[in-house]
Each structure stands twice: as C-alpha cells, then as structure tokens.
Amino acid sequence: MVQFHEHIITELLEDSNGGLVVLSSGLSLSKLVSSLLLLHTHSEGTLLILSPSSATLRSRIIFNLKTLNPQFTQIPSEITADLPAHHRHSLYSSGNVFFVTPRILIVDLLTNKIPTSMISGIIILNAHSLTETSTEAFIVRIYRSLNRAGYVRAFSDKPHAMVSGFAKAERTMKFLHLRRLHLWPRFQVYVSQELERDPPEVVDIRVPMTRYMVGIQKAIVEVMDACLKEMRKTNKVDVEDLTVENGLFKSFDEIVRRQLDPIWHTLGLKTKQLVSDLKTLRKLLDYLVRYDAVTYLKYLDTLRVSESFRSVWLFAEASYKIFDYAKKRVYHLVRSDGTKVSEASKSAKNKKRKVKGDNKDSEEADDGTSSSSNAGLVLEEVLEEAPKWKVLREILEEIEEERQKQGVSTEELLAEGKDTDNGIVLLACKDERSCLQIEEFIFKSPKQVMSEEWKKYLLSKVQLRDIVHKKKKPKDPKGFGILDGVTPIAPAQNAETSSISKQEHDALLAAASGLRDLPENHDFEDPPLPDFGGRGRGKGKRKVGNKKGPIVNDVSEVHSGSREASTSYKAETSVDSMPSIVIVYHPDVAFVREIEVYKAENPSKKLKVYFLFYEDSTEVQKFEASIRRENGAFESLIRQKSMMMIPVDQSGHGLGTDSTFESDLSTSQNSMTRKAGGRKQVDKEMQVIVDMREFMSSLPNVLHQKGMRIIPVTLEVGDYILSPLICVERKSIQDLFMSFTSGRLYHQVETMVRYYRIPVLLIEFSQDKSFSFQSASDIGDDVTPNSIISKLSLLALHFPRLRIIWSRSLHATAEIFAALKANQDEPDETKAMRVGVPSEEGIVEDDVRAENYNTSAVEFLRRLPGVTDSNYRSIMDGCKSLAELALLPLEKLAELMGGHKAARTLREFLDAKYPTLL
C-alpha cells in the first residue's frame, strides 16, 4: 500500500461519522477501498457497499482483496433481488462485507427487513453521480434516522464532475449528512513526494503525422470552429464554454445540453443538429489518431449515408477535405492507361457540380476528360500505415537488441528470477479493436494487416451491391443505381461528376472482384517482429507458457462507469511478474497515474515507460487539457472547502423515525388561528403504496421527503395507489412515447379503469427540461395519427373516466399527490396487492378481482343510450345481468338511472324494432 492511501484511511477513521473523499483519477481508488475493507471486523457489524454501475470496479476491488491479503476469505458477495427475503435478512445480520444494489436496499429499509442496528456503515463509490433525489441519498437519510452510530463513507475519483453545477460538493455532503471533505489531488504534498521519489524511466516520443492526417485534423478543427460560431449566434449558451479545447471532451456534450435543456423546445432544428454535429466531429478527431486509414474511411462512409440529409457540418466549406484526404490515405484513382487523375482536376470537378449549360463543355475541355471518355478508372492502392506502427516496431526491436547486447536472453532472465527486468512488455491501448489490430501487426506485418482491412472494405462494397440488387424491383426504375453510383440525372445537368463517381465505384467493385480470385497466402516485404513470447491470443491480452512477450492490453473500460483508473493487466499477472516495460500507445492521464502508483508500490523494480504522442495533434492537446481541467477542478474544490458553512446537525444524528424531515404537508395550506382555539390538529400520516419497479426513479425519495410513508409492494395494476379509489400510472416523457408505440399504455389504462373509480395517468416532465412535448416548429397544421397529441386524444376519448395530470417536476408531483389524497381514505396494502391477480380458488366475496365482473357486459352496458359514467354503477347494483335490465319497467329504470329522460332513451332503444328488408 502506498503511504498516501494510509493517510487517507487514517483521516477517515478519525471521524466516526464518515466523510467524502475526492482524489485524482488514476490514484487507484479500488486499492484504497480494498485496504479499508481489510480493516473491517465481524464485531463492528455488517458493512454494505452500494454496487457501482461499473462491474469492472467491483471486480477490481475483489481482486485487490485477494492480492493484498491472500488469507482474506470473506470476499464480499452481492445481495440482489434474486435472493429471498429471509436469506437477505440473514446476510444483513452476518457481520460480513457485501455489495448490495441500491433498489433492493431501499426496499428492505422501508419494509423493516434490515436489522439496521447491526449495519456498521455504508460505502458509496460514485459520489460524483449522486443528486438530492437519487436512491443513494434516500438510503442514507433512512439509515441515519434508524442508526445514529453508523458511518457513511463516499468516494469519487472524478473531480471535474464534483464541480459541475452550483456548489456540487457542498450539496453532496448535505444530502449524505457528512461534515468532512477530504481532497487528494495529484499535486498534494504526500502524493507528489511519494510518486516522484523513485519515478520510472520515461521516454517521450513525438510521432509526426502524415500530410493527409494533418490535413484531416485541420479540416475537422475548422468545421468544429464553424459549428461553434453558429452556436454562439443563438445567444443560448455560455460563450466561455464554446471553445475547441472543451469540445475535445465528452463532458462538453453534457455542458451544452445542460444549458439548452430548459429551452430545448424553443430551439430550431439547426441548433439541435449543431449539438449532435459537435459530438460527431469530436469522434472524428479521436478516431483519426486511434484507428487505421481503412477503418477511418469506412466510418466516414457510414456518416455520409446516415447524416447526409440533416447534418450541418457536412455542408461546411472544409468538410469535403475530410472525405477527400481520407480516401487518398487508402487509394488513388488512376486511368487505365497509367496516368493519374490530378488533384487539381478532381478538385475542379468537385466544385463544378452546380455549373450548368455552355460552361460545362469548356470546363471539360480544360480538364481533358469527359463523361463519355472510354478511358476507365482503376484503383491504385496506397494503404497508408499508421505512423505509430513504425515507431512501435522500432521500439520493440530496440528492446530486443538491448537484451541481446546484455548477453542475457529472455529465458535466462526468467531462470534467474531477477526483479529488475522480468522481460514483460505491456502495450496499453484505449479499446479492444486497437488491441487486436496491434497484436496482428506485431505477429504479422503492417502491409498484411492493412491488406486484410482493405479486403474487408472492398468485400463490404460488393455485399452492399448484392443486397441492393436483391431488393430492386425489375419493373420499377425509381431509385435505380443510387447505391451503384449510376444515379440517373437529366442531360441538362452536369453529368461529369456523376460519371467520375460511377467510374470510381466501378473501380472499387472491380478491385473487390479481383480479390476474390487471389490466393489466401501473400508474400510481404516486412518480416514479422522478433519473437517476444508465445503467440496465443485472447481479446487483447496474452500470457502463454514461461515466455513473457508484449501484453497488448485494453484500458478503455478502465474509465467507464465509476471511471476507476486501474490497469486490467494486474488481474492476470502476479505481483512477481509485473511488466518491466510499458508502452503507452494511447496516452491517458488516469493510466499514467496508475503506472506511477505501481512504481511507488514497487520501488526496487526497474520500470521503463514509452509514451507515443502524435506531434502537434489534438491527442497532445487533449492530454494536456485534461491535466489542466483536473487541477482547475481541485483548485475550485479547495476554495469551496475553505468557505463551506456546515450546519452542526449535518451529521444526521438528530434525525428520528418520526421527525425525518419537517413535512411540507404538515403546514396547512389555509392555516387559521381561529381553528379550535388555535390548537394544532394532529396530522394523519399520509401513506402511498408504491410498486417495487418504481424505485428505479426518484419520486419515492421525494414523496418521503415530503413526509409521506412509502409502502413498497408488487402491484399488478398501477404504479402508485393513493387511496382505495385513486390509482396512478406514472410515465416519464420517454416512457410515454415507448408505451404508445408498444401498446402497453392502452392495456395499463384499461386495467386501471376496470378496477379503480379514479384512474390517473401522470405525465411527468424533468425539472431541467422544457415543459412541452415538442417545439412549436415541430407542430404541423394537419392532424396525423403518429402525433403524440393525437394518440393522447384517442386515449382520452376511449377512456372517458381517465384523468390525465401534467407534472412539471418530481416536487410538483409530490404536491399533486398531496392534493389528490386530501379527504381520501388511506389505501389498503393487502387489497392493493390483490388487484389484478388471478384467483385460484374462484370468486371471493367483496373482492375486486377480474372474476367478479363480466367486463365485456360492463363495456356493452356503458355504450347503451342513456347510460353515463354517473349512473352505470347504480344500474349494475340494481340488476344482475343485461337480460334482467331489458325486462325492467320504466319506473324502475328511472330510479336507477337518475331521471325519466335517460330511462325513456334506454327503453326506446331496447323496445325499438329491428329493421328488415321484407
């Protein structure tokens, strides 16, 4: 264990209430938590860890527990809803450490199935993703009210996420009832001293990009800058955030959407598309330095098809360079006589698409080509290799040469068992595709790898052509040849560009046909790399026999979910067989920190690290910007900590079961001092029966904050039962659209109408988004059946008793529920669970199950003339069947239907003669 981990643990143990720890990404959060868990004993009670969204972090914690203490046998298992209630109770009482999902934990807390006095504490691993309405905050509030001696320890290794929004760290500490904030940046004294005491040997290699890569990067930056300028014109977003540097990070999308969500319905289609385009352009920059030329071209082809009709960036002035340069990295067009198509000529053709009439002939003469030229085009393969491949090859050869100069082979190193250099070379990439491709490159040759990618690209063109031909109708010429490059156009239009496009596509298909006839084995100039070990492969990681070769490792998932920065190679190698050489193919700040921690843990081991950067690339800019952004986040947190005003009772020890919060509902809306001499009436506790599945949302938490008692059960009908008469089906906007599409909503409303007198459909909007379905520009003049408004109208017409309620936010929903429950009886938990559940013993008296009603007869009765929502129930109570209804006299009908007019209408309908043709 590194010493600064010991300092962090010591600070946490000093406060029995717990604390919030924010540390730099890559400082091994999983090891810190594992070391903390090793200090837990049975006598303290059961320790619960709220399961992180990333399974990777959980697996690393378990692995580190086994590594740090091989004798540790209490490896934490996970408590899920699959375990029966009595089994979960026994686990809660065992005194061990468990992972538990937040949804099942909050349900067990509300149903009193947890011996809270035996729970010593709760650990939260994703504090940066929590909000006041999250399930984790709900859990901590109830736990604090039931166990005043327990602690809560929250962790985060995403400092930039802790400064998003207003006073995020302070608000997080407030709803977690914590009083101490522990900040551990990379520049903290203890951390920097330990990591820099015996640093690894670092070799920083700057690889120049090719001419076309530079051109593509410059074009993308120009297009991105143009899109940002268009967004600035909207005056809807903070101008300081709209920079190209910020656009390199995924968080930029969140920043822009967070600012635009409240006014999203007022934005035009162009502004909305710009937000999506910026995300696409960021991917293009990232993929340029990550993938090979053929893969990059293939991705651009998919963008051209999927975004050609709606994207703004494709119509920017510099966008054509992106596609043009990407093609030139893979192939050139050459005439059949051997002459190349000049770049100037091709550029002129691209610009002549709008030229018509007489100018066309003169321009064709200048180019020396025409659409009717018999000289066809063929492809000349370029297959530009990634510049890093050559440098990587040289590094691996250099490593092998150094070993041979020392006169010690890899086998001898292993036989001697030296710790300074054990022969393992670790190559770290960001994604699995890069790992697999680089591994192929290591054991084959660059030309062979690129040729295989090129062959896949060409064959995909042939497969697309075959699919199009199969789907074509011979008698319908509409759309013929669009995907074949034979787009039919009028003679008056410029046909030259079409001809070039067709010839280019034909050349691609010809090359693909030629590849089918080639033998599988080819001779390539570049020999394979020196043998670094066994050639067994498996998803980017290798370790075969006793030979220690370059382990190609995927570190992309290292920073997903909880974003824990830890190299996954540690899960496959023992402590004595760690790498002596690390090649960071895709630089990442969190991974670099992991290397520093590893070296600090093993100061006696020799470690050499190679960093491969593309010179003057966005890769370098993003790496440096991420460091500046993290440092800036910690500086902001330090300032916030110095000015924090933490209430004395924020530890949560003052909370009780009866006074969890001052209920907003306890204050009467019309409080009057002259009521019963000024005496305050004893408020009745409001109860809400909630379906188990609803605990995935935050509404139960907000209802509990408002002072309502939450009763979690499994409901067959509805989501919330407010009273014996009121059943609520809650829909978020996304769920509403999906429910209409699948038809699920119709069935849900149908069952609510059948079993409850007041069925309610609650449409709940998000507080930080627009309070509308669609913008005014999206609403057309015509009524269409696919419109959400049309579907809602049809639903209301079909179910006249259905009440539709619109809620702006979670808190507005809580207020609406309180108003609906006024003057209503509290719901019965037992009856609510029985509603809609089929009976095995037949009809039960005074039950509300479906067997007690002939639903078809009820629906038929409600459609008879004179029968309304206000009298059909009294008719059902006055007669047993439709046959008996038809025989009732007029006076009896008037008594049941509440008037002679309605009775005469029904009687005339029943007595009317059926018209015949005789």
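The chain goes by DNA repair endonuclease uvh1 in an unreviewed UniProt entry, where it is assigned to Stylosanthes scabra. On record in UniProt, under Subcellular location (unreviewed entry), the comment for the chain is "Nucleus".

(A) Broad picture of the overall build of the chain. The secondary structure content of the chain amounts to 33 helices and 20 strands. For the chain, with 918 residues in total, the buried portion stands at 49%. For the chain, long-range pairs separated by at least 24 residues make up 75% of all intrachain contacts whose partners lie at least 6 apart in sequence. Working note: accessible area of the chain is about 46,000 Å², and carbon and sulfur atoms make up 52% of it.

(B) View of the environment of phenylalanine 187. Relative to the elements of secondary structure, phenylalanine 187 occurs in the loop between strand 7 (181–184) and helix 8 (189–197). Taking the C-alpha atoms as reference, phenylalanine 187 lies 9.5 Å from phenylalanine 634; in sequence the two are 447 residues apart. Contact partners of phenylalanine 187, with chain neighbours within four places excluded, come to Ser192, Asn631, Phe634 and Ile638.

(C) Structural detail: the packing of helix 32 (residues 890–897) against helix 33 (residues 900–911). Closest axis-to-axis distance for the helix 32/helix 33 pair is 8 Å, and the angle between their directions is 125 degrees. Compared by their axis directions, helix 32 and helix 33 come out oblique. As helix 32 packs across helix 33, the resulting crossing turns out to be right-handed. Facing Leu890, Leu893, Ala894 and Met897 of helix 32, the residues of helix 33 in contact are His900, Ala902, Ala903, Arg904, Leu906 and Arg907. Residue classes in the contact of helix 32 with helix 33 are distributed as seven nonpolar, one polar and two charged.

(D) Spatial organisation of empty space enclosed by the protein. Counted according to the given criterion, the structure contains five cavities of 30 Å³ or more. Estimates place the volume of the largest cavity at around 70 Å³. Lining the largest cavity we find Leu288, Val289, Arg290, Tyr291, Asp292, Ala386, Trp389, Ser434, Gln437, Ile438, Tyr585 and Tyr614. Every element with two or more residues in the lining of the largest cavity is listed here: helix 11 (269–290) and helix 18 (432–443).

(E) Helix 7 (residues 168–175), seen in detail. Considered for burial, the residues of helix 7 that qualify are Lys168, Ala169, Thr172, Met173 and Phe175. Buried residues along helix 7 sit in contact with strand 1 (18–23), helix 6 (135–146), strand 7 and helix 22 (618–643). Backbone geometry just downstream of helix 7 places histidine 177 in the positive-phi region, at approximately 55 degrees.

(F) Structural view of the pattern of salt bridges. Counted by the stated rule, this structure contains 32 salt bridges. Glutamate 201 is paired through a salt bridge with lysine 608; the nearest N and O atoms lie 4.0 Å apart. Of the two residues, glutamate 201 is situated in strand 8 (residues 201–207) and lysine 608 in strand 14 (residues 608–614); the sequence distance between them amounts to 407 residues.

(G) Fine view of the nonpolar core. The biggest cluster of nonpolar side chains holds 72 residues, and the ones touching the most others in it are Tyr296, Trp313, Trp454, Ile583 and Tyr585. Excluding residues within four positions of it along the chain, isoleucine 583 makes contact with Leu392, Ile395, Leu396, Ile399, Val425, Leu426, Leu427, Ala428, Tyr610 and Leu612. Ranked by size, the runner-up nonpolar core spans 59 residues in total, among them Val100, Ile119, Tyr720 and Ile805.

(H) Examining the confidence of the model for the chain more closely. Summary statistics for the chain give a mean pLDDT of 76 and a share of 71% for residues scoring 70 or more. Of all secondary-structure elements in the chain, the lowest mean pLDDT belongs to helix 15 (residues 359–367), at 37, while strand 17 (residues 720–721) reaches the highest, 94. A low-confidence stretch, residues 556–576 (pLDDT under 50), is modelled with 69 contacts involving residues beyond four sequence positions or located in other chains. This stretch, residues 656–675, has a pLDDT under 50; its non-local contacts, to residues over four places away or in other chains, come to 20 contacts.

(I) Here's a closer look at the sheet that holds strand 17. Spatial strand order, 16-15-17-18-19-20: six strands in an open sheet with mixed pairing. The two strands at the open ends of the sheet, each matched to only one other strand, are strand 16 (709–713) and strand 20 (803–807). Of the pairings in the sheet, the one linking strand 15 (residues 687–691) to strand 17 comprises two bridges and is antiparallel in character. Bridging from a neighbouring strand, valine 690 pairs with tyrosine 720 of strand 17. Sheet contacts for helix 25 (residues 744–755): strand 18 (726–732) and strand 19 (758–764); angle to strand 18, the most-contacted strand, approximately 165 degrees.

(J) Main features of the packing of aromatic side chains. As enumerated under the stated definition, the model contains 14 aromatic pairs in all. On the basis of an interplanar angle of 55 degrees and a centroid distance of 5.1 Å, the ring pair of tyrosine 287 and tyrosine 291 is categorised as tilted. Of the two residues, tyrosine 287 and tyrosine 291, neither departs from the other in class, the shared state being buried. Taken together, the ring pairs in this structure connect Tyr287, Tyr291 and Tyr299 into an aromatic cluster. We note arginine 206 situated over the ring of phenylalanine 613; from NZ or CZ to the ring centre the distance is 4.9 Å. It is arginine 862 that lies over the ring of tyrosine 872; its NZ or CZ is 5.0 Å from the centre.

Definitions and limits used
- Residues take numbers from 1 onward in each chain, read along the sequence in its written order.
- Given that this is a predicted model, residues contribute local features only at a pLDDT of at least 70 and side-chain atom pairs are listed and counted only at 80 or more, while totals for whole chains, interfaces and linings are drawn from all residues.
- Note that the side-chain values use all heavy atoms of the structure and ignore hydrogens as well as water.
- UniProt positions are given in the numbering used here, feature names are shortened, and annotations may be inferred rather than shown by experiment.
- A run of DSSP states H or I qualifies as a helix once it reaches four residues; a run of E qualifies as a strand once it reaches two. Both are numbered from the N-terminal end.
- The buried label goes to any residue with under 20% of its type's maximum accessible area, the exposed label to any with over 50%, and the partly exposed label to all in between, with areas taken from a 1.4 Å probe on protein chains only.
- Whether two residues are in contact is decided by their heavy atoms, any of which lying within 4.5 Å being enough.
- Residue exposure ignores everything except the shown protein chains as possible cover, and the areas themselves are Shrake-Rupley values with a 1.4 Å probe.
- Inter-axis angles, ranging from 0 to 180 degrees, are taken between N-to-C directions of lines fitted to C-alpha atoms, where helices are fitted over the stretch in contact.
- Here roughly perpendicular refers to angles of 65 to 115 degrees, roughly parallel to angles under 35, roughly antiparallel to angles over 145, and oblique to all remaining angles.
- The sense of a crossing depends on the near helix, which, turned anticlockwise from the far helix by less than a right angle, makes the crossing left-handed and, turned clockwise, makes it right-handed.
- Residue classes follow a fixed rule: Ala, Val, Leu, Ile, Met, Phe, Trp, Tyr, Cys and Pro count as nonpolar, while Asp, Glu, Lys and Arg count as charged, and any other residue, Gly among them, counts as polar.
- Method remark: on a 1 Å grid restricted to protein atoms, a set of points is classed as a cavity if a 1.4 Å probe fits but cannot get out and as a pocket if it is open with protein on both sides within 12 Å along at least five of seven lines; lining residues have an atom within 4 Å of a point.
- Grid points are joined across faces, edges and corners, and a volume is the space filled by probe spheres set on the points.
- Put simply, a salt bridge is a Lys or Arg side-chain nitrogen that is within 4 Å of an Asp or Glu carboxyl oxygen.
- Nine residue types can take part in a nonpolar core, namely buried Ala, Val, Leu, Ile, Met, Phe, Trp, Tyr and Cys, and a core is a set of them joined through side-chain atoms within 4.5 Å.
- Residue-level confidence of the predictor is summarised by pLDDT, bounded by 0 at the bottom and 100 at the top.
- Pairing between strands is defined by DSSP: at least two bridges between them are needed.
- Only Phe, Tyr and Trp rings take part, Trp by its six-membered ring, and two of them pair if their centres are within 6.5 Å. Stacked means planes under 30 degrees apart, edge-to-face means over 60, and tilted covers everything else.
- Counting as a charge over the ring demands two things of the Lys NZ or Arg CZ atom: a distance within 6 Å of the ring centre and an angle within 35 degrees of the ring normal.

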